[in-house]
Each structure stands twice: as structure tokens, then as C-alpha cells.
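Inside the fold
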Amino acid sequence: MNFSIYDFSAFFTSIHEWLLGMMPEALVTTIEWITIGTAAILFTALLGLSLVYGERKVAAWFQLRIGPNRVGFQGVLQTVADILKLILKEPLTPKSSDKFLYNLAPFIMMMAPFIVIAALPYAKGLQVMDLEVGVFFVTAVSSIGVLGVLLAGWSSNNKYSLIGAMRSGAQIVSYELSAGLAILTVIVLSGSLQFGEIIESQREGWWIYRGHIPVWIAFIVFLIAGTAETNRGPFDLAEAESELTAGFHTEYSGIKFAFFFLAEYVNLFIIVVIAATVFLGGWMPLHIGGLDGFNAAMDIIPPIVWFLGKVTVLILLIMWFKWTFPRLRIDQILTLEWKYLLPISLVNIVLVAFITLMGWYF
Amino acid sequence: MEQNVIMNPDGTQEYFVNMGPQHPSTHGVLRLVLTLNGEIIEKVEPHLGYIHRSIEKMCEKDNYRQVIHLTDRMDYLSAHMNNHAVCLAIENGLDVEVPDRAVVIRVIMDELTRISSHTLWWGVMGMDLGAITSFLYGFRDHEYITEIFEETCGARLTMNYNVPGGVMFDLHPNFVQKTKDFIAEFKRKLPEYDTLLSNNVIFLERTKGVGILSKEMAISYGVTGPAGRASGFANDVRKHEPYSNYDKLDFKEILYTEGDTFHRYKARIDEMWESIKIIEQLIDNIPEGDFQAKTRKVIKLPKGEFYQKVETARGELGVFIVSDGKMNPYRMKFRSPGFSNLSALNEMAKGGKIADLVATMSTLDLVVPDIDR
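These numbers come from a predicted model, not from an experiment. (Residues numbered from 1 in each chain as written. Chains lettered and ligands numbered in written order. Predicted model: local features only at pLDDT ≥ 70, side-chain atom pairs only at ≥ 80, totals over all residues.)

A separate point is the overall build of chain B. Assigned secondary structure in chain B consists of 15 helices and eight strands. For 373 residues, the compact-globule formula gives about 21 Å, and the C-alpha radius of gyration of chain B, at 21 Å, lands near that figure. Its C-alpha atoms give chain B principal-axis dimensions of roughly 75 × 50 × 35 Å. The buried share of chain B, reckoned over its 373 residues, is 49%. The long-range fraction of contacts in chain B, counting pairs at least 24 apart against all pairs at least 6 apart in sequence, stands at 69%. (Helix = DSSP H or I, 4+ residues; strand = E, 2+ residues; numbered from the N terminus. Rg over C-alpha atoms; globule rule 2.2 N^0.38 Å. Buried ≥ 20, exposed ≤ 12 C-beta atoms within 10 Å, placed from the backbone. Contact = placed C-beta atoms within 7 Å.)

Here is the structure:
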């Protein structure tokens, strides 16, 4: 097996061939499916745990606190302990709830990020499947999550949950538009929906640099819309603990609550990965067209490090929003989307089409 | 509950939601019955009684010295001012002269309490609007003052420091220096409050023009304190009916005319600056002498009625004592600011969104044990 941190494709190909040499192809495919599925689930769980820990630490820095520091080194095992507690707790189902939908909602909520995780590029060759319609697939599937929120709110038979679900329905559906249009700018520039090709098109420089003004606008719009889509502060109206106690998941407890909790963080990760891939080049190192020596120096840093670095910076940025801003009101959220972000995105898409047509990008 | 379900002519029902008694933004066991039209509030009906401890009745069987500690438990964030009010009322009846030193100590303590109450309110206000960080910033400054109190009074929240005729103990030797340090520090911290909330565009959007209370309504509901003054109702007891030595001090009564959530917020922030001014005038000039006038062990007020009002952090607190000459009051009645302020909530919140109700309620600065004695 030839392993290289710079390109994982050779490593995975050699494993595949090694397995083919031992057993029939159907069995190999089955084994690979199961392995990848397990890996995806483990990865999601690990991601949720580490992001929850990260958020608690970041919040603590903002709030003059220390944060978790008792369980494990610097409290790293605190979230593990918390999830264990949630798993051991009784998952209550309210007597007058719609039991089928009530129990289904957390799984729908968790299913969407599970599927999306598979289509995201993490490093060169480290991707489950590089779909030709990758961007479209990711945006389409990740919006199934809102169904979970709506079902949870509706089936709980709780007025707070219902108000929370209605709010988030209005909010997520609205912000999908801006988020989609913002990604579309780069798709117009790069001419592909495939993540692999979008990243490859940034070999001469990231789109945020090459596409200048319209891509900057799209990037900011996407960050705002993405934060809103993940129901995070200052757009956390669906939960709004000072208004609706816990919003759509008021009635959930135990592992079902943990699903909602983890899904929020995995969704955050997905939004950030899309932003990093589409606008900041994903795992592509910082390249400037023409400067070969500089580009070669940048290539020494492995792609996976570039990817994680970009993702971390963006996650910190979004956490910074949450721990600084007060929450918006529902009418203000809809005003922001329909009166500002959507018109800006529409004009921006025309602008970027014109720029692409004239070739006025770097 | 049935009386809240209003049947419409077409057979549909009003949509009502119980906010509380256990709810994060009612700050205690207050229950609000909201009648909603989607997100829009049509009626707010406060239901009280969840934390009623019959303090007024308990006062009737305690003697006058014991009564004071019960008032700590009403508005626990302005415990010192509550004590002050009761002591002044008793002193009115006894006709005792309070030593100058005690008067000054009481005023400094009152103003420190006001600052500590307002810092905590500021933090909670941010949290109600969804900015949790401000909560911890508010508590940071609240904590400095609680430490100062702890040194001198022995308690952090329910101080019980005032006694008829003065204060219970003399000041701790560190008190003056610590208070000065705090004031110097707090003058740097207060602009931070503006950076985090007052100048934040989302905060301004959420509070400006929301929950408007007109001056006429403020007067007719008896909304006092910063909430009333933001509507243009000049009601600062310290200015209009000065007690202790407030008539000798230089401070402004904060008045705004807009009466919206933002100006109720602004009034409190400005009040903190005024409190700093008052403390700075007094802290270097604490007179020497006794901290307590000589009073009898068992206090007996002469037959009659005695009333005293003070300005607490929430508004006007009135203490009314009816005495029949015995060692315990015949009747004691407190006019608490929170109760009157809460009564105007329906007026302010009607027609707004649920989020507006939370913001409005937050600027009333409700302390539920004060509403429900």
C-alpha cells in the first residue's frame, strides 16, 4: 500500500485492489459500503462531539469563563460524558403527541447531514463520492432537515414547539434561496457542479480572490444565509430559549434530544465546508497564478491541513456571531431576507454572469 | 383556565399560551397568559400568587427589629433600599436622629445596590434578547459589589444591614478603598456595555419604538422608577421628596419622553452614571462619629400611622405602618414598584410580537418576589 498524506486516492485504490485479489467483486462492494457507512457515522458523532466542546470553549473565552475543564485533559471528555448521560436518559414521548411523527422527526433531522457528509470533499482523494451534481445534491439533501424541525414542532402537541417550528419553517425556506443563489455565482464562474472540478478550478487562486467583488458579496450573503439555515444565533428563533423555552425540541429528551443537538452542529459543519470549498478553495493550498516558487512552498502543507484550517476559521467566525449578537425578531429576519439579501443575490448573479461572459476575472 | 378560552362567533377559539410559571424570561415564578394571533399578542394577563409568602402578615407578629430582615426577601436585588425604607418609617415614629455617619453610609450602600441591581438587569436584558454573553459581563460587575457588601455586612444578597437609628456595624476598614477601586474600574467597564448592546444594530432594531408607554398611561398605572421616567413621568423620590441626605447631593433625574423599550434601557444605563456621581461625592467625606443612634432594645412605636417612601432600583417603594402602641405593628403595607410596573405590561405589549413582549418585560426589570410578597 502506498500511502501519501498529499493524495489519498492512491491509498484507497490500493486497498480496493488488495481486497479484489482476495474475494469476489460483490463482496468487496458490500464490505466497502459497510465500512464507509460506519466510518461516516463515527465521523459524524466525533464531529458533533468536538464541535460541541469547541463551542463551549469558544463561548467561555468570550464570556470571561474557563469552560469545561474537569473531565479529561482540559475537559475534552466532557461532551462524551454528556452524550453518555443523554443516551442513558429516558426518551419520553408525550401522551397526546403524534407518536409516529414524534419519533420519526429526530431521525430525519440526523439523516440529512449523514447523507451530505458523504458528498463533501475533505482532501485530495478523501471523499466518498465526487458526484457530478455535488453542489446541487448537497443543497437539496441538507434542506430535508427542515422537515424534521417542522415534524418535531407539529407532533409534540406543544404550543411553544409549534410556534418554533413555524418560525423555522418560514426562516429556513426563505434563506435557502439566498444561500443557493450565492453558491450559484461560483458555479457560473467555474462552470461545474462537481466539487472536484470546482476545487480544481481554483488552482490558480481561490474564487474569493479571482472572482473579486461579486464573489465577496456572495460569500458574505452565504455566511449570513448559512447561519440562518443552521438555526444558530443571531437567527436561533426556532429555539429562542428566552421566548419559547426550547422551541421545536421542547418536549424531546434523552437520545432524541441529542440527535437535534448534534444535527445542529453537523449542519454548521456542512455549511462551513460548502463555504470553504466553493469560495476558499477547499483543500486547495493558497496559490497565486504565476508565482511558481510560492505555490510550490504552499504545496508542502498537506491539503487536509488547508481544509481543516479554513473550516476552523469559518466555524470560529460563525461562533463569534452567535456569542456577540442579540437575536433578531421574526419579521426582521424575513425582512432581511426578502428585502435585502434576495435582491442583492439576484443582482449579483446577473453581475457575475456578465463578468464571466466578458472574462473580467483573474 | 376556562375563563381564558374565548370562543369566537365562528366556533374557533382564541390561541392562548401560558408563559410561566416556569419560563426562562419571566425571571421567577410569574405566569403570563398570552392571547395570541399567530405571533402577535392580543392580550397579556399576569397571574400572581406562585411565590406569595405573606410577608405583610408575618410582619404583624414580629417586632419592629425583626420586620427589617423580611423586607430583604421582597426585592432581593435592592435589599438595602427596602431595609432603608422600613428603618426610615420606624425612625419617623420614634423620632430618633440618625447620626450623620450612618446617613452617609446608608446612601452609599443604596447607590451601590442600585448599581449592582442595574448591572444584573443589564446582563439579563441581553440574555432575554438572545445575547448570552452580556449576562456574564453584567454578573462580573455585580460580583465586585457583592464582595464589598460581604466584607461590611457579612451577607452578599440579603444584607439586613440597616437597623432603626443607623446601621448594624461600622464600615469594614477596606470599604472606602474597595469602593473607590470599584468605581474607577466600573467607569471603564460601563462604556463596554454600550459597545456590546447599546450600539449594536440588532439591539437597536429590537428595542427602538417597541413597547411604547405614554406618559398619561405611566401616571395612571403608577409606573415608577426608570420605566416611568423613560415615559416622561418625573417621579424620582430622591429628587421630589428627598430622604436621608439626597437633598444635599448633586445628581440628575434621568428623564426621557419616548417611553419605548430602548429609552427604558437608556434610563437605567444613565442612572448608573448618576449613582457613580453620588458615590464619588460621598466616599471621601464619610463623617466620623457614631454609626448608630441609641434606641431601646424593644421598640414600641406610638399609636398612629407612619409612611415612608424611597427610590429603589425598580421605582417607588412605600412602607406604611399602622401602630397600636404595642411592640409589633398592627398592620404593615408595602407599595412595591414591581407590582404597579407589571400592571402596565398589557398596555405595552399589546399588538407586538412575542419577542417584543420579552424585551419589554425585561426593561420593566421585574423581580417576582417583589410583585408577590
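Summing up its helical and strand segments, chain A has 15 helices and zero strands in all. On C-alpha atoms alone, chain A measures out to a radius of gyration of 21 Å, which is about the 21 Å that the 2.2 N^0.38 rule sets for 362 residues. Along the first, second and third principal axes, the C-alpha atoms of chain A reach 65 × 55 × 45 Å. Among the 362 residues that make up chain A, the fraction classed as buried is 44%.

Neighbouring strands of a sheet are bound in pairs by backbone hydrogen bonds; such pairs are parallel or else antiparallel. Residues and elements named next belong to chain B. The strand order β6-β7-β8 describes an open sheet built from three strands, whose pairing is antiparallel. Unpaired on one side and paired on the other, β6 (304-311) and β8 (331-335) mark the two borders of the sheet. Geometrically, the sheet is characterised by an average inter-axis angle of 10° between neighbouring strands, direction not taken into account. With eight bridges connecting them, β6 and strand β7 (residues 316-323) associate as antiparallel partners. Across the sheet, the residue bridging to Q308 is V319, located in β7. Sheet contacts for helix α3 (residues 79-94): β6 and β7; angle to β6, the most-contacted strand, approximately 145°. (Pairing = 2+ DSSP bridges. Axes fitted to C-alpha atoms, helices over the stretch in contact; angles between N-to-C directions.)

Right, let's talk about the sheet that holds strand β2 (residues 31-37) of chain B for a bit. Residue and element names in this part refer to chain B. Read across the open sheet, the three strands follow the order β1-β2-β3; overall the sheet is antiparallel. With partners counted over all chains shown, the strands left at the sheet margins are β1 (15-19) and β3 (40-47), one partner each. Ignoring strand direction, the axes of neighbouring strands in this sheet form an average angle of 20°. One ladder, built from five bridges, connects β1 with β2; its direction is antiparallel. Residue F16 lies in a different strand from β2, and its bridge partner there is T35.

Residues and elements named next belong to chain B. Only one face of β8 is buried, namely the one carrying M332 and F334, since none of R331, K333 and R335 on the opposite face is buried. Looking at chain direction, β7 and β8 are connected through five bridges and run antiparallel. Across the sheet, I321 pairs through a bridge with M332, a residue of β8.

Looking now at the interface of chain B and chain A. The partner chain A presents 23 residues to the 24 residues of chain B that form the contact. Elements represented by at least two residues in the side of chain B that touches chain A include exactly α4 (100-128), α5 (132-153), α7 (201-207) and α14 (354-364) of chain B.

We note that N231 of chain A has phi near 60°; this positive angle belongs to a residue other than glycine. On the neighbour-count criterion, N231 of chain A (27 C-beta atoms within 10 Å) is buried. Even without a glycine there, the phi angle at D365 of chain B is positive, about 55°. For D365 of chain B, the position within the fold is in the loop between α14 and α15 (368-371).

The next point concerns the environment of M129 of chain A. Residues and elements named next belong to chain A. Here M129 is to be found in the loop between α4 (99-119) and α5 (134-142). Judged by the 12 C-beta atoms lying within 10 Å of it, M129 falls in the exposed class. C-alpha separation for the pair M129 and P303, spaced 174 residues apart in sequence, amounts to 18 Å. In this structure M129 touches A118 and A119, once residues within four positions along its chain are discounted.

Looking now at the nonpolar core. Residues A165, F222, A225, V272, A275 and F279 of chain A are the most contacted members of the largest nonpolar core, which totals 140 residues. Per element, the largest residue contribution to this core is 19 residues, and it comes from helix α12 (residues 254-280) of chain A. If you look at the next biggest cluster of nonpolar residues, it comprises 50 residues, including C59, A79, Y243 and L282 of chain B. (Core = buried A, V, L, I, M, F, W, Y, C linked by C-beta atoms within 7 Å.)

Averaged over chain B, the pLDDT score is 87; the fraction of residues at 70 or greater is 98%. Scored as a whole, the predicted complex attains pTM 0.86, and scored at its interfaces, ipTM 0.80. (pLDDT = per-residue confidence, 0-100.)

So, about the packing of helix α3 (residues 78-88) of chain A against α12 of chain A. Residue and element names in this part refer to chain A. It is at 6 Å that the axes of α3 and α12 come closest, and there the two elements cross at 135°. Between α3 and α12, the crossing angle belongs to the class labelled oblique. Every residue of α12 that contacts α3 at I83, L86 and I87 is listed here: G254, I255, F257 and A258. In terms of residue class, the contact of α3 with α12 is made up of six nonpolar, one polar and no charged. (Parallel < 35°, antiparallel > 145°, perpendicular 65-115°, else oblique. Nonpolar A, V, L, I, M, F, W, Y, C, P; charged D, E, K, R; others polar.)

All names here are of chain A. Following the sequence through the fold, T185 ends up in helix α7 (residues 159-190). Judged by local crowding, T185 falls into the buried class, with 28 C-beta atoms found within 10 Å. Once the C-alpha coordinates of T185 and V352 are considered, the two residues, 167 residues apart in sequence, prove to be 6.1 Å apart. Residues within four places of T185 in sequence aside, it is in contact with G211, P214, V215, A218, N348, I349 and V352.

Here the focus is α7 of chain A. Since there are 3.6 residues in each turn of an α-helix, residues three or four apart along the chain are aligned in direction. If you check α7 of chain A, its first and last C-alpha atoms are 47 Å apart, about what 32 residues at 1.5 Å a residue would give, namely 46 Å. Among the residues trailing α7 of chain A, G191 of chain A stands out with phi positive, at a value near 70°. (Expected span 1.5 Å × (residues − 1).)

As a further point, take the packing of α4 of chain B against α14 of chain B. All names here are of chain B. Axis separation between α4 and α14 bottoms out at 9 Å; the angle between their running directions is 175°. One element, α4, and the other, α14, form an angle in the roughly antiparallel class. On α14, the residues that touch V124, M125 and D128 of α4 are V358, A359, S362 and T363. Grouping the amino acids of the contact of α4 with α14 by side-chain chemistry returns four nonpolar, two polar and one charged.

The subject of this paragraph is the environment of Q13 of chain B. Residues and elements named next belong to chain B. In this fold, Q13 is placed in the segment before β1. What makes Q13 exposed here is the crowd of 10 C-beta atoms within 10 Å. Sequence spacing of Q13 and H80 is 67 residues, and the spatial spacing of their C-alpha atoms is 47 Å.

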